[in-house]
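Single-letter residue listing:
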Amino acid sequence: MNSIKLTLLAGISLIGFSAIQAQEVKDILNQGKITGNFQVDAQYYQEDSAIGAVQPNEEFLTNGFLNLIYTNSGFSAGIRYESYQNAMLGFPTGYKGSGIAYRFASFTKDDLSVTVGNFYEQFGNGLVLRAYEERGLGYDNAIDGIRVKYKLFNGIELTGLVGQQRLYFEKGDGIVRAFNANINFNETFESLKDKKTKVIVGGSVVSKFQEDNNPDLILPENVASFAGRTIISRGKVSLNAEYAFKYNDPSLDNGYNYKNGEAAFIQASYSQKGLGVSLAAKRVDNFSFRSDRDASQQDLFINYQPALTKQHTYNLLATLYPYATQPNGEMAVQGDVIYTFAKGSLLGGKYGTGVQLNASFAYDINRDSINPLEDDSRNLYTSNYFETGQRLFRDMNIQISKKLSKDWKMKLTYANILFNQEVVQGKADVPMVSAHVGVAEATYKFNMRNSIRMEGQVLLTEQDQGNWATGILEYSYSPHWFVAVIDQFNYDNPKGAEEHYYNVSAGYNNQGNRITLAYGRQRAGIFCVGGVCREVPAANGLYLSITSSF
Amino acid sequence: MKKVLFGLLVVFGFQTNTMAQSKLPAVEVKTMEFESFNTSEISNDGKPIIVNFWATWCSPCKRELNNISDMYEDWVDETGVKLVAISIDDARNMGKVAPYVNGQSWEYDVYIDPNGDLKRAMGVNNVPHTFLLDGKGNIVWQHNSYSEGDEYELFELVKKLSKGESISK
């Protein structure tokens, strides 16, 4: 009898115990969340000899990926499955097949945060380190390894990492080791807490290792780079400056030049209600930094050097002559002014008027060749710091935006562009392109749900492919539907016939889901239609895109 | 063993039913003065929050935020909503975020996500992408892209949330 009771008691308490455990397990699991996103792009390609488009052997190409991230309080883990069957035209051809291209686990415990597996990271402005992704362009230089972040006191953040970089479905040869420290003085020092002037100082060391397997040259196996930066702000004014230095790093990019590299960037801004001013300048000398010295194209970059030019969105401006940064050498300046004429003022009218001015200038650096017979340093040139070389790019543009009535809105843009095709695009014996670009955009709202947007664009040039005109009509039925028609027209082309690039597209979106279907010819660049901007490669044919966030 | 399996089934079955609604992930972003800021600190006193991903180079994004800006004061007065604008501008343009935001006289809380860390954590494919959080911080709605007039639907949802109504379908 007793033994039965005992067994029963034990049984009940066991059930009770396991119930408690189950409850705890439930509680823990119930805090967990899975989020993610999905995208698939598919294109059927048509032969189109008029614009030189060829049909690939596969006829039909698809890119897709799915991100899954599990988060539970301080812990998170995730994977990305990617599939290229085969990669769409314009994408790097290294993408082939399918697989888990990204997986990580990370936890944060108090001031310590650890990530193992793949991760992205940026130090400061990215001059010495930036691992990032741009899925629409197939750019991904994620690091696979270990990263540790630690908050030492208030305002002091330390980051250390080691790993190898992603090269499509493989990894690059080189090992990247990097350390960064940031100090926010106003947070760290109690006495500065309430000061109006805010100061942040940061420093980085980034080094790569790659075996010397060259029979002819003695190559540095370890290459170190350093960066120091400061951000100072006081009310309406702020200053962001960074300087970076790199020891000799002979590579395919720089023609196995043993010269040390350096890069400097400075940006200042002033802004108040209705007015914003920004000025920036940079100088880059021999600063291509990759974890494989023989890598080319967009592969295995450790650092990031943004172009100091306006990132245009109108397609003729964005896709025909966009400047690309020159890591081997470049000096550039850029200025921006944004001003809003207030409502009710003479130029502001009833709704106010917006004006944006932007100008950017980019030059090669000055280079004096070194005679290798007189100098055995294997430095290929010396450079005068303050002297410029040939012109690479110039863009001067103005944009005026105006709400005309409750239903009408207008935007007018003019840009004047000089573009060095030889250096930026690597073409031989071609003249500098000088182009005038004008864009008029209008939006008309029929009512709360129905609206139409119209764009007319003209690009006039006597060089390269001659003149272009673009017309866009976009009708949207908020919040789910849109239809758009685009025609780009190339005329007065000294090299070819007049050609239309037509494109029709329609889309539906609901919550985080979006489906777009398009047919026609399309140029490469940042492509904005139906309310979304995405960087797309050049294409021709029938195109389907599905994206989802959950 | 069977019991364990059954237990696990129950636990996971339960889990799929009542799994926590998503909240804003805790990610380090930057203020417009480039100071570090953790998104777990975003709050609005039990009122709804709009989180909008945008960029200075994205015209539909700017159209959306400028259109909302015209009505934002009324929205705040009526519902107490707060709009948090997350710029995904990288080093190329992040210095232009403050001049643009102030030049347009936006009254939003603006943060910069220069390396896409928050964008990745929230599963954002393209900009503009808008999330709506209820008073408890649960993500209850999202929308990708912008067409003229989308702001009216958004405000209807905000009004419902501010009254404590559910907006799930």
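Just so it is clear, the model here is predicted, and its values are computed rather than measured.

### Here we look at the confidence of the model for chain B
Residues with a pLDDT of 70 or more make up 87% of chain B, whose mean pLDDT is 88. The low-confidence segment residues 4-18 of chain B (pLDDT under 50) makes 9 contacts with residues lying over four places distant or belonging to another chain.

### Here's the deal with the pattern of salt bridges
What the rule picks out here adds up to 40 salt bridges over all chains. We note a salt bridge from Asp144(A) to Lys171(A), for which the minimum N-O separation is 3.0 Å. Separated by 27 residues along the polypeptide, Asp144(A) in strand S10 (residues 143-151) and Lys171(A) in strand S12 (residues 170-171) bring together distant segments of the chain. Arg453(A) is paired through a salt bridge with Glu441(A); the nearest N and O atoms lie 2.9 Å apart. Here Glu441(A) lies in strand S25 (residues 433-445) and Arg453(A) lies in strand S26 (residues 450-461), a separation of 12 residues in the sequence. Three or more residues joined by partner-sharing salt bridges are found here, namely Arg80(A), Glu82(A), Glu133(A), Arg135(A), Asp140(A), Arg166(A), Asp117(B) and Arg120(B).

### Some thoughts on the interface of chain B and chain A
If you look at the interface, chain B gives 63 residues, while chain A gives 84 residues. A buried area of about 6,100 Å², summed over both sides, lies between chain B and chain A, and 46% of it is on carbon and sulfur atoms. Run the count over chain B and chain A and you get 9 salt bridges. Linking Lys198(A) and Glu35(B) is a salt bridge whose minimum nitrogen-to-oxygen distance equals 3.3 Å. Where chain B packs against chain A, one counts 39 residue pairs in polar contact (both at pLDDT 80 or more).

### Some thoughts on the pairing of strand S1 (residues 33-45) of chain A
Residues and elements named next belong to chain A. Across 12 bridges, the pairing between S1 and strand S2 (residues 60-72) is antiparallel. By the bridge assignment for S2, Ala42 is matched with Thr62. Pairing analysis gives 9 bridges linking S1 to strand S33 (residues 539-549), with the strands arranged antiparallel. In the strand pairing of S33, Phe38 is matched with Ser548.

### Quick word on helix H5 (residues 150-162) of chain B
Between its terminal C-alpha atoms H5(B) stretches 19 Å, which fits the 18 Å expected from 13 residues at 1.5 Å a residue. Residues Asp150(B), Glu151(B), Leu154(B), Phe155(B), Leu157(B), Val158(B) and Leu161(B) constitute the buried set of H5(B). Take H5(B) and look down its axis: the buried residues cluster within an arc of 160°, on one side only. As for H5(B), its buried residues are in contact with S25 of chain A together with strand S3 (49-54), helix H2 (59-79), strand S6 (129-133) and strand S7 (139-144) of chain B. Residue Gly164(B) follows H5(B) closely and has a positive phi angle near 80°.

### What about the confidence of the model for chain A?
Residue and element names in this part refer to chain A. Predicted confidence across chain A gives a mean pLDDT of 91, with 93% of residues reaching 70 or more. Element-level pLDDT for chain A is lowest in strand S31 (residues 525-529), with a mean of 49, against a maximum mean of 98 in strand S5 (residues 112-119). Note on residues 528-534: pLDDT is under 50 here. Beyond four places in sequence and across chains, it has 43 contacts.

Cut-offs applied
Residues numbered from 1 in each chain as written. Chains lettered and ligands numbered in written order. Predicted model: local features only at pLDDT ≥ 70, side-chain atom pairs only at ≥ 80, totals over all residues. Heavy atoms only, no water. pLDDT = per-residue confidence, 0-100. Contact = heavy atoms within 4.5 Å. Salt bridge = Lys/Arg side-chain N within 4 Å of Asp/Glu carboxyl O. Helix = DSSP H or I, 4+ residues; strand = E, 2+ residues; numbered from the N terminus. Buried area = accessible area lost by both parts, 1.4 Å probe. Polar contact = N/O pair within 3.5 Å; in protein donor to acceptor, adjacent residues only side chain to side chain. Pairing = 2+ DSSP bridges. Expected span 1.5 Å × (residues − 1). Buried < 20%, exposed > 50% of the residue type's maximum accessible area, 1.4 Å probe, protein only. Arc of directions from axis to C-beta.

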